[in-house]
Amino acid sequence: MLANLNDVLKKAQKEHYGVGLFNTTDTDMLQAAIEAAEELNSPIIIGTAEVLLPSGELDLIAPSIVAAAQRAKVPVVVHYDHGLTFDRCIQALKLGFTSIMFDGSAGDAEENIKDTAEIVKIAHSFGATVEGEIGHVGQANTGDNTVTDSYTTKEEAEEFIKATGVDALAIAIGTAHGAYKEKPCLDINRLKEIRNTVDTPLVLHGGSGLSDDDFRNTIREGIAKVNIYTDLCTAGISAMIEGTKKDISYLAIRDMKVAAIKEVVKEKIMLFGSNGKA
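It should be emphasised that the depicted structure is a prediction, and the values quoted were computed from it without experimental measurement.

Novice: Talk me through the pairing of strand β6 (residues 129-133); I want residue IDs and the actual numbers.
Specialist: Here β6 lies mainly inside the structure; five of its five residues are buried. Of the two faces of β6, both are covered, the one formed by T129, E131 and E133 as well as the one formed by V130 and G132. The pairing of strand β5 (residues 99-102) with β6 spans three bridges and is parallel. Residue I100 lies in a different strand from β6, and its bridge partner there is V130. Remark: the β5/helix α5 (residues 109-125)/β6 crossover connection has right-handed handedness. With three bridges connecting them, β6 and strand β8 (residues 168-170) associate as parallel partners. Bridge pairing links E131 to A168 in β8.

Structure (structure tokens):
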């Protein structure tokens, strides 16, 4: 069933578990994510990100994602991740996405607030929710996840939420996008400070590659949504390599890929504690 962030994150925040966002650039990944959530009776957030569109154009993938969410036996948020442009965000809303993440964090702080607030107004008119981001979530493969002076502060979080009206907030506490070159150093105390200051559900980006304890600790201290993508890709690649070595058919390799990605999604759902929460 279609849902938005408010439908799944408020309960997650109250009951101290996390709901996973699993970006899905094709129907193989989509099938794996939906089946995993249904088998574990878990709410789930699926979608795609603007940087991924060259490998899965919105007009092509959106109808499949929305249809799968509508048919699902569990709440499914269809989320547009890291929207960088107004045009693409509006396109996603028109195509039926129930949630938008507008990411203006790389630019001027005042412009980020202004642009995010405008997206909030538009998305809410569609009945969709909005996630914003402040602070710097780095790129793991460049090693810049060690930067600490751009972590989100509690004052920034409070000001941003009041000024924009976002339904969820992605914060920077030491994670990074992509595959980590070195172990990340998460600022759990910073997370606690933010959680104690604001009531809006908090989001952890750059989840692939974190340890199980990292996930447990951040969810325990207030994270309600966790983003996963790289781990899905890694599982899919490994399955395809294995299938190719076995010299089996294309469809058999495809099924191996779906099964491998599905297993990773199930592992994350269990780790985040959202199983049985649908």
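Text resumes after the structure shown.
Novice: Which residues make up unusual backbone geometry, and what values do they have?
Specialist: With a phi angle near 50°, N41 is a residue other than glycine that sits in the positive phi range. Within the secondary structure layout, N41 lies in the loop between α2 (27-39) and β3 (44-49). A residue is classified by how much of its surface remains accessible, and N41, at 34% relative accessible area, is partly exposed. For D247, which is not glycine, the phi dihedral falls at a positive 55°. With respect to the secondary-structure elements, D247 resides in the loop between α9 (230-245) and α10 (250-272).

Novice: Please give an account of the layout of surface pockets that cites residues and values.
Specialist: The space that makes up the second largest pocket amounts to roughly 280 Å³. Lining the second largest pocket are 16 residues, and of these A109, N112, I134, G135 and E156 sit closest to its centre. Here the lining of the second largest pocket gets four residues from one element, more than from any other, and that element is α5. The residue makeup of the lining of the second largest pocket, split by class, is five nonpolar, six polar and five charged.

Conventions used here
- Residues numbered from 1 in each chain as written.
- Predicted model: local features only at pLDDT ≥ 70, side-chain atom pairs only at ≥ 80, totals over all residues.
- Heavy atoms only, no water.
- Buried < 20%, exposed > 50% of the residue type's maximum accessible area, 1.4 Å probe, protein only.
- Helix = DSSP H or I, 4+ residues; strand = E, 2+ residues; numbered from the N terminus.
- Pairing = 2+ DSSP bridges.
- Right-handed = clockwise from strand over helix to strand, strands pointing away.
- 1 Å grid on protein atoms, 1.4 Å probe; cavity = no way out; pocket = protein on both sides within 12 Å on 5 of 7 lines; lining within 4 Å.
- Points joined across faces, edges and corners; volume = space filled by probe spheres on them.
- Nonpolar A, V, L, I, M, F, W, Y, C, P; charged D, E, K, R; others polar.

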